[in-house]
Amino acid sequence: MADSVFDHVVRAPEDAILGVTVAFNKDTSPVKLNLGVGAYRTEEGKPLVLSVVRQAEQSLVNDASRVKEYLPIIGLAEFNKLSAKLIFGADSPAIQENRVTTVQCLSGTGSLRVGGEFLARHYHERTIYIPQPTWGNHPKVFTLAGLSVKYYRYYDPATRGLDFQGLLEDLGSAPTGAVVLLHACAHNPTGVDPTVEQWEQIRHLIRSKKLLPFFDSAYQGFASGSLDADAQSVRMFVADGGECLVAQSYAKNMGLYGERVGALSIVCKTSDVAGRVETQLKLVIRPMYSNPPIHGASIVATILRDKDMYNEWTIELKAMADRIISMRHQLFETLKARGTPGDWSHIIKQIGMFTFTGLNSEQVAFMTREYHIYMTSDGRISMAGLSSRTIPHLADAIHAAVTRAS
Amino acid sequence: MGGSVKMVEETLKLAYGEDSKFIKDKRIAAVQALSGTGACRLFADFQKRFRPDSQIYIPVPTWANHHNIWRDAHVPQRTYHYYHPESKGLDFAALMDDVKNAPNGSFFLLHACAHNPTGVDPSEDQWREISYQIKVKGHFPFFDMAYQGFASGDPERDAKSIRIFLEDGHAIGIAQSYAKNMGLYGQRVGCLSVLCEDEKQAIAVKSQLQQLARPMYSNPPVHGALIVSTILGNPDLKSLWLKEVKVMADRIIGMRTALRENLEKLGSPLSWKHITEQIGMFCYSGMTPEQVDRLTKEYHIYMTRNGRISMAGVTTGNVGYLANAINEVTKSS
């Protein structure tokens, strides 16, 4: 065989987040703990398939009249409508006035990518401002979509909270019309969210500079336990009559991770614009994967359309959120009881799946080496990976990491 | 991000052969993809990233979305002759000329079997000649195989073109789809594979494919892949599948025969042998856009204006009506 035309291709580095799980799997220690990837785990450390999801799947399988034909390019219509209602609220003026286009996409990632590609083709400003730090995949998604990525200050390591002044300054000096990525709730990786008052200021600034907000909503219901509360930031922006994009994911809040279920919504000024925007979204999607997968979206539609199943879902969702909040409190109390130096209140102030511990990469490496604790090197831990049983071990590791000499 | 491991393993066996040495030697970089579209797009993005000066040669005609895919991947496109309208068959001489005249090391998109939209496939001998000439020119063959098993009813037979190229020592890429042959259309199940020089390179290439998939959709949907791996991983289910795919293929072949016979019985002045000579889901009827418009307006028959008929839409219940309509709009041409 002649030399391959791909001879020069080098091995890519392991994805940082997923690479943590790869390393974890290789570890044979009985006390190992995976606090890397943001997937919910039960108190027993197991993945959870929601009971209402199993019900929905069973009813789909039992329905012999169901077929596997292609969905339309923009996906399952009922799923799209219900998803829009979920994030914007059923009484949202944007929905009433028919000026939202919603298209089914491959979870949050797919929604962000399709939205980004659309903007790169049709929007006059090709720059997107993303928070520092943000989910590791965000810069790649938007760069490959054809946008150029800039950062705005977000996390303040000194307070382990929001650098609100820095945020306002950076967005204030962004060019008119630039796109701004906002985490709707439960910021990943920091868990630091603006307060309602801060959101209002952000909204005011964004609208006055005619910046275009693009929300990433990956944790609706999962953060506070309330679907409506977690959608407040998005609804605030829609309520002022302005335009925005929203990427929704059902990976966490319905536990549908691998099914890849999500939706991209674009709220427009008029229904005429929304209609035309939708036709252009199709042209982005078709050469990417033609049409989205049916299974996950069918599960979501089955649950959202049925009052009883919807209620069951909200209960199971709140249980997941509550368990995570409880883990936060337990970890905080345990560190306090140990007398671990430092202020650990950020553990209970931050919200959602992750805690940005404030540990540095050497401390993280130490914890992995000596205590078999796996997390990303930025000190982010997935609270979902903890249980009452394993918190003491983590607390020991943190204590050792911050008190050791070097 | 690579998707269901078991599903990919089984899928490679279908394309490369159950006992393929390439599989044994771990020389194939393969990832689950979003059906055929997703596999083509992932390859096009990979081609752009790692062979940025290359272009893709696409047959005329081809599935319309092929143009969109490589365009959105920003890979320049050229075309090569394929369909011969006069004979409603393969324009083999012109195809070979195009292969010879393309700059060395060009990328060629080949339909492994059941060419879409024409249904015209090279014969085995023609495939051997194409393979030889592509080798001489150092071109990279990329196969879109969307109809394995669905064309002849025999998956091994439908993979013949690929096997010829493998025997001839090409490094190839393949986009495979389970949309048609397992009827998993909306589940979006497929696979992209690239045959590499050795295991090390296969690992490198696979990692780079994953790097392209991650900012597009992170990882592929599990459900359809699980169906595939469950079927192919169980000998009884696999055997049942092989029977069912043959039934589908046979019904289509039966409809081709029926349509041709009906047209001939109606005394059509034209030759309709291409209906049974073409293979797969589609028949390139040779009708003009105007004739197609008449079929729609006057007979409520819907097809693309290039005259492509989806034979899957033909049944014993409607084949007579269809033949009559086609005859009416074409008999004076």
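Not measured: the values here are computed from a predicted model.

## A closer look at the pairing of strand E7 (residues 179–183) of chain A
Residues and elements named next belong to chain A. Counting buried residues in E7 gives five out of five residues, a clear majority hidden from the surface. Along E7, one buried face is formed by Val179, Leu181 and His183 and the opposite face, lined by Val180 and Leu182, is buried too. Taken together, the two bridges between strand E3 (residues 127–132) and E7 define a ladder with parallel strand orientation. From the neighbouring strand, Ile128 faces E7, where its bridge partner is Val179. Crossover handedness for the path E7 to helix H8 (residues 196–208) to strand E8 (residues 212–217): right-handed.

## A look at the nonpolar core
One finds Phe6 and Phe214 of chain A together with Phe43 and Trp70 of chain B to be the most contacted residues of the largest nonpolar core, which totals 69 residues. Excluding its chain neighbours within four sequence positions, the residues that come into contact with Phe6 of chain A are Phe43, Phe46, Phe50, Arg51, Phe107, Phe140, Val194, Gln201 and Val205 of chain B.

## Topic: the interface of chain B and chain A
Listed per partner, the contact involves 51 residues of chain B and 46 residues of chain A. The contact between chain B and chain A buries some 4100 Å² in all, and 57% of this surface belongs to carbon and sulfur atoms. For the chain B face of the interface with chain A, the top three residues by lost area are Glu197, Arg214 and Pro215 of chain B, together amounting to 15%. Across the contact surface, chain B and chain A share one salt bridge. Note that Asp72 of chain B and Arg121 of chain A form a salt bridge whose closest N and O atoms lie 2.8 Å from each other. Across the chain B-chain A interface, the total number found is 26 residue pairs in polar contact (both at pLDDT 80 or more). Elements that contribute at least two residues to the side of chain B that touches chain A include exactly helix H3 (35–50), helix H4 (64–72), strand E9 (190–195), helix H9 (199–217) and helix H10 (222–232) of chain B. Here the element with the most residues in the side of chain B that touches chain A is H9 of chain B; it accounts for eleven residues.

## Focus: the packing of aromatic side chains
Enumeration over the complete set of coordinates arrives at 34 aromatic pairs over all chains. Ring centres of Tyr155 of chain A and Phe356 of chain A lie 4.9 Å apart, and the angle between their planes is 85 degrees; this geometry places the pair in the edge-to-face category. Linking Tyr155 of chain A in strand E5 (residues 155–156) with Phe356 of chain A in strand E11 (residues 354–356), this pair joins segments that are 201 residues apart in sequence. Since its relative accessible area comes to 13%, Tyr155 of chain A is described here as buried. Residue Phe356 of chain A is classed as buried on the basis of its relative accessible area, which comes to 8%. Ring centres of Phe43 of chain B and Phe142 of chain B lie 4.1 Å apart, and the angle between their planes is 15 degrees; on these two criteria the pair is classed as stacked. Of this pair, Phe43 of chain B sits in helix H3 while Phe142 of chain B sits in strand E7 (residues 140–145), and the two are 99 residues apart along the sequence.

## Quick word on the sheet that holds strand E2 (residues 56–60) of chain B
Residue and element names in this part refer to chain B. In spatial order, the strands read E1-E9-E8-E7-E6-E2-E3; together these seven strands make up an open sheet with mixed pairing. Here the strands that pair on one side only, and so sit at the sheet edges, are strand E1 (28–33) and strand E3 (77–81). Averaged over all pairs of adjacent strands, the angle between strand axes in this sheet comes to 25 degrees, irrespective of strand direction. Where E2 lies against E3, five bridges are found, and the strand directions are parallel. In the strand pairing of E3, Val60 is matched with His81. In the packing of H3 onto the sheet, the strands contacted are E1, E2, strand E6 (107–111), E7, strand E8 (173–177) and E9, and the crossing angle to E8 comes to about 160 degrees.

## Section: the UniProt feature "domain: Aminotransferase class I/classII large" (unreviewed entry) in chain B
UniProt records the feature "domain: Aminotransferase class I/classII large" (unreviewed entry) at residues 5–326 of chain B, using the numbering of this structure. Counted over residues 5–326 of chain B, helix gives 50% and strand 15%. Its end C-alpha atoms are 47 Å apart.

## Description of the layout of surface pockets
Each pocket or cavity is described by its volume, and for the second largest pocket that value is around 520 Å³. Lining of the second largest pocket is provided by 28 residues; of these, Arg286 of chain A together with Trp63, Asn116, Tyr147 and Lys180 of chain B occupy positions nearest its centre. The dominant element in the lining of the second largest pocket, judged by the number of residues it contributes, is H3 of chain B, at three residues. The class makeup of the residues in the lining of the second largest pocket is eleven nonpolar, twelve polar and five charged.

## Concerning the sheet that holds strand E4 (residues 148–153) of chain A
Residue and element names in this part refer to chain A. Pairing is mixed across the open sheet formed by seven strands, whose spatial order is E2-E10-E9-E8-E7-E3-E4. The open sheet has two free edges, formed respectively by strand E2 (100–105) and E4, since each of these has just one partner strand. Each neighbouring strand pair of the sheet contributes to a mean axis angle of 25 degrees, computed without reference to strand direction. Here strand E9 (residues 244–249) runs beside strand E10 (residues 262–267); their pairing, made up of six bridges, is antiparallel. By the bridge assignment, Gln248 is partnered in E10 with Ala263. Lying over the sheet, helix H7 (residues 164–172) contacts E3, E4 and E7, oriented at roughly 145 degrees with respect to E4.

## A word on the packing of H8 of chain A against helix H10 (residues 232–239) of chain A
All names here are of chain A. The geometry of H8 relative to H10 is characterised by a closest axis approach of 10 Å and an angle of 40 degrees between their N-to-C directions. What the angle tells us is that H8 and H10 run oblique. At the point where H8 passes H10, the crossing takes the right-handed sense. On the side of H8, the interface is formed by Val196, Trp199, Glu200, Ile202, Arg203, Ile206 and Arg207, while H10 contributes Gln232, Ser233, Met236 and Phe237.

## Points about the environment of Met367 of chain A
Position of Met367 of chain A among the secondary structure elements: in helix H15 (residues 361–371). For the pair Met367 of chain A and Ala400 of chain A, spaced 33 residues apart in sequence, the C-alpha separation works out to 8.2 Å.

## Examining unusual backbone geometry
A cis amide bond links Gln132 of chain A to the next residue, Pro133 of chain A, at an omega of 0 degrees. Within the secondary structure, Pro133 of chain A is located in the loop between E3 and helix H6 (138–145). Looking along the chain, the bond that leaves Asn116 of chain B and enters Pro117 of chain B is cis, with omega of 15 degrees. The residue Ser290 of chain A is not glycine, and still its phi comes out positive at about 70 degrees. By the secondary structure assignment, Ser290 of chain A is in the loop between helix H11 (271–289) and helix H12 (294–305). The class of Ser290 of chain A is buried, set by a relative accessible area of 3%. We note that Lys88 of chain B has phi near 55 degrees; this positive angle belongs to a residue other than glycine.

## Here's the deal with the packing of helix H3 (residues 77–88) of chain A against H12 of chain A
All names here are of chain A. Running from amino to carboxyl end, H3 crosses H12 at an angle of 55 degrees, the nearest separation of the two axes being 9 Å. Taken together, the axis directions place H3 and H12 in an arrangement best described as oblique. Handedness of the H3/H12 crossing: left-handed. Here H3 contributes Glu78, Phe79, Leu82 and Ser83 to the contact with H12, which in turn contributes Ala297, Val300, Ala301, Leu304 and Arg305. Tallied by class, residues from the contact of H3 with H12 come to six nonpolar, one polar and two charged.

Reading the values: rules and limits
Residues numbered from 1 in each chain as written. Chains lettered and ligands numbered in written order. Predicted model: local features only at pLDDT ≥ 70, side-chain atom pairs only at ≥ 80, totals over all residues. Heavy atoms only, no water. Buried < 20%, exposed > 50% of the residue type's maximum accessible area, 1.4 Å probe, protein only. Helix = DSSP H or I, 4+ residues; strand = E, 2+ residues; numbered from the N terminus. Pairing = 2+ DSSP bridges. Right-handed = clockwise from strand over helix to strand, strands pointing away. Core = buried A, V, L, I, M, F, W, Y, C linked by side-chain atoms within 4.5 Å. Contact = heavy atoms within 4.5 Å. Buried area = accessible area lost by both parts, 1.4 Å probe. Salt bridge = Lys/Arg side-chain N within 4 Å of Asp/Glu carboxyl O. Polar contact = N/O pair within 3.5 Å; in protein donor to acceptor, adjacent residues only side chain to side chain. Phe/Tyr/Trp six-rings, centres within 6.5 Å; stacked < 30°, edge-to-face > 60°. Axes fitted to C-alpha atoms, helices over the stretch in contact; angles between N-to-C directions. UniProt positions renumbered as here; feature names shortened; annotations may be inferred. 1 Å grid on protein atoms, 1.4 Å probe; cavity = no way out; pocket = protein on both sides within 12 Å on 5 of 7 lines; lining within 4 Å. Points joined across faces, edges and corners; volume = space filled by probe spheres on them. Nonpolar A, V, L, I, M, F, W, Y, C, P; charged D, E, K, R; others polar. Parallel < 35°, antiparallel > 145°, perpendicular 65-115°, else oblique. Left-handed = near helix turned anticlockwise from the far one by under 90°.

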